[in-house]
Amino acid sequence: MADDGAEQVLDGLRRQARRLVADLAGPVRRVRLRSGDAALEVEWHDPVPAPRAGTPPAGEPVARDDVETAPASDRPTVRSPVVGTFYRAPEPGAPPFVAVGDLVRPGQVIGIVEAMKLMNEVTAGQAGRVVEVLVGDGKPVEYDQPLIALDPVTGPDA
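So, here is what we can say about the structure in this document. (Residues numbered from 1 in each chain as written. Predicted model: local features only at pLDDT ≥ 70, side-chain atom pairs only at ≥ 80, totals over all residues. Heavy atoms only, no water.)

1. Quick word on the overall build of the protein
The number of helices and strands found in the protein is one helix and 10 strands. If you list the helices and strands of the protein from N to C, you get α-β-β-β-β-β-β-β-β-β-β. When burial is assessed residue by residue, the protein has 28% of its 158 residues classed as buried. Across the protein, the fraction of contacts at a sequence separation of at least 24, relative to all contacts at a separation of at least 6, is 55%. Carbon and sulfur atoms make up 51% of the accessible area of the protein, which totals about 9,900 Å². (Helix = DSSP H or I, 4+ residues; strand = E, 2+ residues; numbered from the N terminus. Buried < 20%, exposed > 50% of the residue type's maximum accessible area, 1.4 Å probe, protein only. Contact = heavy atoms within 4.5 Å. Areas by Shrake-Rupley, 256 points an atom, 1.4 Å probe, with all protein chains shown as cover.)

2. Considerations on the side chain of Ser80
Of note, Ser80 is situated in the loop between strand E3 (77-79) and strand E4 (84-87). Among the polar contacts listed, one links the side chain of Ser80 to the backbone oxygen of Val82, at a separation of 2.5 Å. In contact with Ser80, not counting residues within four places along its chain, are Val113, Val141, Glu142, Tyr143, Asp144, Gln145 and Leu147. (Polar contact = N/O pair within 3.5 Å; in protein donor to acceptor, adjacent residues only side chain to side chain.)

3. Some details on the sheet that holds strand E5 (residues 103-104)
Taken together, the four strands give an open sheet; going across it, the order is E3-E10-E8-E5, and neighbouring strands pair in antiparallel fashion. The strands lining the two open edges of the sheet, one partner per strand, are E3 and E5. Two strands pair when backbone bridges link them, and strand E8 (residues 128-133) and strand E10 (residues 146-152) are joined in this way by five bridges, in the antiparallel orientation. For Val130, the partnering residue across the bridge sits in E10 and is Leu150. (Pairing = 2+ DSSP bridges.)

4. Some points on the nonpolar core
Ranked by size, the top nonpolar core spans 18 residues in total, and within it Val78, Phe86, Val104, Ile110, Leu147 and Ile148 carry the most contacts. Mapped onto this core, the elements with two or more residues apiece are strand E6 (109-115) and E10. With four residues, the single largest contributor to this core is E10. Apart from the residues within four sequence positions on either side, Val78 is in contact with Ile110, Val122, Thr123, Ala124, Gln145, Pro146, Leu147, Ile148 and Leu150. (Core = buried A, V, L, I, M, F, W, Y, C linked by side-chain atoms within 4.5 Å.)

5. Regarding the pairing of strand E7 (residues 118-123)
Only one face of E7 is covered, namely the face carrying Leu118, Asn120 and Val122; the face carrying Met119, Glu121 and Thr123 is uncovered. Between E6 and E7, which pair antiparallel in sequence order, lie two residues; one of them, Met116, sits at a positive phi of approximately 55°.

Shown next, in the form of structure tokens:
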């Protein structure tokens, strides 16, 4: 029973951490919350530059779908709001939120990043057409890592 109480306290701390991070303006590097003897500390490390397509990190073999391709510098991207695991669909077997060629609008969900058992919706910040999905489904992502590359859309389609 004591484990259930500790797990409930940690669940409450996780919810509080998520709300706190969502309410803060700008990137968060560290959060520490305490309730009695239970403490929750989360630290985000600086994102590691992604390797060029086809170039594995030094000393590590990389499977082809693990390689992140760099988007064209003039293209806007939708970036990860947290460190976690990126999912393209709301649940296993479901169609992805977006695919190459889809038009997205500001605020539209393009994926989910799971962090500490919390599902964080990733939304587009601007209108655009999806030109490239930069991260595979179920792959780990860093804070501010590009997930989707867009071609900006203006006019009646925006």
